[in-house]
Amino acid sequence: KDIEEYLHQGDLLLAKSPGEKALLMWHKRERRSFWFTFGTRLYWWELNMDAYDREVGRDGDVLSDEDRDRALSNAGVVSCIATAIPRPLYFQANKVTDESWYYFRIETADGIHKAPFTPKQLTGASEFKNRLLAIKNAWYTGSGKQLDQLMQDMMYNLKTVETTDFIGYSKEHKAWIFNDVAIRESRAKKINSEDYFEFGKLSVKSLASEPRIEPNLNMREYDRSWPQHVVGAFGTAGTITTAFFLGSLFAEQIRQLTKSYPFFELVGQAGAGKSTLIEFLWKCLGREDYEGFDPQKATVAARARMFSQVSNLPVVLIESDREATDSAKAKQFDWD
């Protein structure tokens, strides 16, 4: 029953020029103006009614299909309005901050790019042009009216994806959301081709790119002997530190039961292996070559970002030159 539609789609695919494709599309829906794609560009076709009437008037009222096509070809104006094909993939919203974006797949001659657009950037031709220009070789030269029609058509029945501002556990979604992997109700999912995680009806992603947490999902590679090595190398301090790291993965759940999760201070002589232990435990969580950051050497904004970019993951503060209070930055942060 759909063979006619399939043949039409085949004709569109095989069209040799934008004008030929536009004519095929006009026969299907007979609209005075519409957008369409050809190659990796976006085109707009519009029928000049005065020119069409002049073409039709030459041959009288009764036209053959061939004459009508000739009249449409002569009266139809084809213009390139973008050197790329932007397609909205989904609407992404953050319920906590009440912010929202539209996530686009942008096809250019150089390849496929993905980027978020704010609502403001989609309601004005100049704003849209500036945002699109941030993508290599992507120009928009159409009008605001053409952009409105384009977005209305493309955004019909658009999917919604919820977002978080951090890496780690989200209470609202009951899921651990990392960079390329998410875990919910004992099920692990890798990020899909459209850059989000799908668990049944729940679609979610993290807007944070840092830190990079890359857990290994291959359970066969798990080595059960590592705790004995930690005890052998670091003794009681290693056991307690490991317990704290493990507990931090469930800090939100523990807080629901006990209203708090403790701070932990690891102290020892120089060369005792504090950094080695912490770097090893970070590696167990899927973060390579990292220990922590020194709050006395960071700005207020940097400290705030470090504290807020993770959930159900430890935040490690490195103490250095604690007694030196001569610098201005050192006085900015009070350990107590």
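Throughout what follows, the structure given in this document is the object of discussion. (Residues numbered from 1 in each chain as written. Predicted model: local features only at pLDDT ≥ 70, side-chain atom pairs only at ≥ 80, totals over all residues. Heavy atoms only, no water.)

## Quick notes on unusual backbone geometry
Turning to step 1, where the next piece is worked out: A cis amide bond links Glu-210 to the next residue, Pro-211, at an omega of -5°.
Turning to step 2, where the next piece is worked out: Note on placement: Pro-211 falls in the loop between β13 (202-206) and α7 (226-248).
Turning to step 3, where the next piece is worked out: In this structure, Lys-174 is a non-glycine residue whose phi angle is positive, near 55°.
Turning to step 4, where the next piece is worked out: Assignment of secondary structure puts Lys-174 in the loop between β8 (167-170) and β9 (175-177).
Turning to step 5, where the next piece is worked out: Residue class for Lys-174 comes out exposed when judged on its relative accessible area of 54%.
Turning to step 6, where the next piece is worked out: Phi at Glu-185 is positive, roughly 50°, even though this residue is not glycine.
Turning to step 7, where the next piece is worked out: In this structure, Glu-185 sits in the loop between β10 (181-184) and β11 (187-190). (Helix = DSSP H or I, 4+ residues; strand = E, 2+ residues; numbered from the N terminus. Buried < 20%, exposed > 50% of the residue type's maximum accessible area, 1.4 Å probe, protein only.)

## Regarding the sheet that holds strand β7 (residues 160-164)
Turning to step 1, where the next piece is worked out: Here we have six strands laid out as an open sheet, ordered β6-β5-β4-β7-β13-β12, and mixed in their pairing. Each edge of the open sheet is held by one strand with a lone partner, namely β6 (111-117) and β12 (197-199). Strand-to-strand twist of the sheet, defined as the mean angle between neighbouring strand axes without regard to direction, takes the value 35°.
Turning to step 2, where the next piece is worked out: Sheet topology places β12 next to β13; three bridges connect them, and they run antiparallel. Residue pairing across strands places Glu-198 opposite Ser-203, the latter belonging to β13. (Pairing = 2+ DSSP bridges. Axes fitted to C-alpha atoms, helices over the stretch in contact; angles between N-to-C directions.)

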